[in-house]
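Now for the letters of each chain:
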Amino acid sequence: MAESEGVAFVRADVERFCAELVGVAPPIRLARLAELRVMLEGVVAAASAQAMADARDEGWGLRRIGRQVGMSHEQVRRMLAELSPAPGPS
């Protein structure tokens, strides 16, 4: 699968960031890379969850969403349930 222009742009930025860490002491480099990984995972997870919710709002089934993102329909269901606000007192 070819990278989209946006993904290629982000990859280039991440590679540039990593290249700037080459001469940095290992403990600092490892800490910065761990921080980057956590940040990227959080951003991607939030965007993925929103995209799944949007797909569900358009009528996509859980299995179809799961096939698209490489998850089981149960994982998708749990992720969407976490997004839904808990019902409050009426």
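Look up: the structure comes first, before these words.
For the structure given in this document, a descriptive report is provided here. (Residues numbered from 1 in each chain as written. Predicted model: local features only at pLDDT ≥ 70, side-chain atom pairs only at ≥ 80, totals over all residues. Heavy atoms only, no water.)

**Looking at the overall build of the protein**
Helix and strand counts for the protein stand at four helices and zero strands. Its C-alpha radius of gyration of 18 Å places the protein more than 25% over the 12 Å reference for a compact globule of 90 residues. Considering only C-alpha atoms, the protein reaches an extent of 55 × 40 × 20 Å along its principal axes. Contacts in the protein between residues at least 24 apart in sequence constitute 30% of all its contacts with a sequence separation of at least 6. Surface accessibility of the protein: about 7,100 Å² in total, with carbon and sulfur atoms responsible for 60%. Positive and negative charge centroids in the protein, built from 11 and 12 side chains respectively, lie 7 Å apart. (Helix = DSSP H or I, 4+ residues; strand = E, 2+ residues; numbered from the N terminus. Rg over C-alpha atoms; globule rule 2.2 N^0.38 Å. Contact = heavy atoms within 4.5 Å. Areas by Shrake-Rupley, 256 points an atom, 1.4 Å probe, with all protein chains shown as cover. Lys, Arg positive; Asp, Glu negative; His and termini not counted. Charge placed at Lys NZ, Arg CZ, Asp CG, Glu CD.)

**Details of the packing of aromatic side chains**
In this structure the tally under the stated criterion is zero aromatic pairs. The side chain of R64 reaches across the aromatic face of W60, ending 3.8 Å from its centre. (Phe/Tyr/Trp six-rings, centres within 6.5 Å; stacked < 30°, edge-to-face > 60°. Lys NZ or Arg CZ within 6 Å of the ring centre and 35° of its normal.)

**Notes on the pattern of salt bridges**
A complete count under the given rule lists four salt bridges for this structure. The partner of E41 in a salt bridge is R37, and the shortest N-O contact between them spans 3.7 Å. One end of the pair, E41, and the other, R37, are both in helix α2 (residues 26–57), four residues apart, so they sit about a helical turn from each other. Overall, the relative accessible area of 45% leaves E41 in the partly exposed class. (Salt bridge = Lys/Arg side-chain N within 4 Å of Asp/Glu carboxyl O. Buried < 20%, exposed > 50% of the residue type's maximum accessible area, 1.4 Å probe, protein only.)

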